[in-house]
Amino acid sequence: MTDDVLTADQIQAVRDRVATLMPQLRADLEALVRIPSVSAASFDQAEVARSAEAVAELLRAEGLEVEVVTEGGRPAVIGHIDGPEGAPTVTLYAHHDVQPPGDDADWDSAPFEPTERDGRLYGRGAADDKAGVLAHIAALRAHRGNLPVGVTVFVEGEEESGSPSLRTILERHGDRLAADAIVIADSGNWAVGTPALTTTLRGGIRVVVRVETLDHSVHSGMFGGAAPDALTALIKLLATLHDDEGDVAVQGLEVGEAADLDYDEARFRAESGLLDGVELIGTGSILSRLWNKPSITTIGMDVTSVAKASNTLAARAAAKVSMRLAPTQDPLAAFELLEQHLLDQAPWGAKVTVELEEHGSGFAADANGLLHDQARASFRDAWGVEPVDMGVGGSIPFISDFAARFPEAAIIVTGVEDPDTRAHGANESLHLEEFARVCEAEAIFLARVGAARA
């Protein structure tokens, strides 16, 4: 039984140690947040290198043998410390790079100056995913000098840019990351006060759709009414991607059903910020729409701005389209279906090309067995409530790479976020009490894994 692995006194002792560590953990987190480690190429990559070295120093201070590795991409950090003879090994994953902050005017405080308001710490990367890094540090510090397991820490530096060099890192350094359990601290919890294991993630593809109707732009008064402009053709084409109810209209894509958790429209409206009067799109349960069915979003367009518009028929236009996929959907097969749909639906004979920019597989865990049970028990120890298994509508494509590289490892996906974290958006924040519970849970998990295999 999982509850027999540790006594109540042992669990409380770990919680007490973590509580004493929290002030310094927060200070270390704030120092990391102040480093603008945006991995997008248009930002200063010296800051990503500075962030990697800061993470490396935190791990060295805990006695780990540490190396910063760069395999054609942004710097990642790998550290290791042995456990007792014969003890299992746990690999702890997080990433130290962050999303671009966007317009500073959209933030209520400077994005790279961590600021506390109402029990939350605001700042880019405060939750996604520098708090994940510090949760790993917390677990190491809680067992300093008496680690119950061997620990490898892998902190990636380009997750927010699609992990382009991860497969090379796994090829060249994968033997160092092998473990009995791999804890991915890059997800979130069901709600503040309710922890969760993430057991499914959608896959995704991103494409650029280009439409051409003329060999050059022309006067709309002279030629409008007979010659179609590319922008109108593009809009008409994009409109074919959904049916009247808002479901994805691309035929042949996989569709699944989500777990039966209590999640109503009122909660969705509150968490998403949906405006009054705006209807939900799609059919089926809300969670199935979010976790197990495909979705399509136009995330950018190359068109003339309103401020610079002239009376002209545009010769060409382009859009970037993101499609999320059911967890088991092959992303390349999904691209072929999307491409064929767009080519078949091209209006007025417009010339359409579809370029695959990025793709990643989803994830569906076999969340059974001793190690997953110990993870759930650790959540229960830290929060005092039963955890839930949940899906996530977003994508973490590298997890499928881990699953392929380490098929025998239990992959445990968790994290520090909650429904109001606003990761990737303005005013990203970390709920500080939940962060403390995450740190407790991870430290208890290491103790449980060591005791269970002793």
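Residues numbered from 1 in each chain as written. Predicted model: local features only at pLDDT ≥ 70, side-chain atom pairs only at ≥ 80, totals over all residues. Heavy atoms only, no water.

1. Overview of the pairing of strand S17 (residues 410-417)
Of all 8 residues that make up S17, 8 are buried, and the element is covered over most of its length. Every second residue of S17 is oriented toward a common face, with Ala 410, Ile 412, Thr 414 and Val 416 on one face and Ile 411, Val 413, Gly 415 and Glu 417 on the other, all of them buried. Looking at chain direction, strand S7 (residues 181-188) and S17 are connected through 7 bridges and run parallel. Each bridged residue has a counterpart across the sheet, and for Gly 188 the counterpart in S17 is Glu 417. (Buried < 20%, exposed > 50% of the residue type's maximum accessible area, 1.4 Å probe, protein only. Helix = DSSP H or I, 4+ residues; strand = E, 2+ residues; numbered from the N terminus. Pairing = 2+ DSSP bridges.)

2. Looking at the pairing of strand S3 (residues 89-95)
With 7 of 7 residues buried, S3 lies mostly within the body of the structure. Here S3 shows two buried faces, one formed by Thr 89, Thr 91, Tyr 93 and His 95 and the other by Val 90, Leu 92 and Ala 94. Bridge count between S3 and S7: 4 bridges; the pairing is parallel. Bridge assignment links Thr 91 to a residue of S7, and that residue is Ile 182.

3. What about the pattern of salt bridges?
On inspection of all chains with the given rule, the structure shows 31 salt bridges. In this structure, the salt-bridge partner of Glu 62 is Arg 141, at a minimum N-O distance of 3.1 Å. Of this pair, Glu 62 sits in the loop between helix H2 (45-61) and strand S1 (65-69) while Arg 141 sits in helix H3 (residues 130-142); the two residues are 79 residues apart in sequence, bridging distant segments of the chain. Arg 141 matches Glu 62 in its accessibility class, with the two residues each being buried. The partner of Glu 355 in a salt bridge is Arg 210, with the nearest N and O atoms 3.6 Å apart. Of this pair, Glu 355 sits in strand S14 (residues 351-360) while Arg 210 sits in strand S9 (residues 203-212), and the two are 145 residues apart along the sequence. The class for Glu 355 is partly exposed, based on a relative accessible area of 41%. Where salt bridges share partners, they join Arg 26, Glu 30, Arg 34, Glu 113 and Glu 116 into one cluster. (Salt bridge = Lys/Arg side-chain N within 4 Å of Asp/Glu carboxyl O.)

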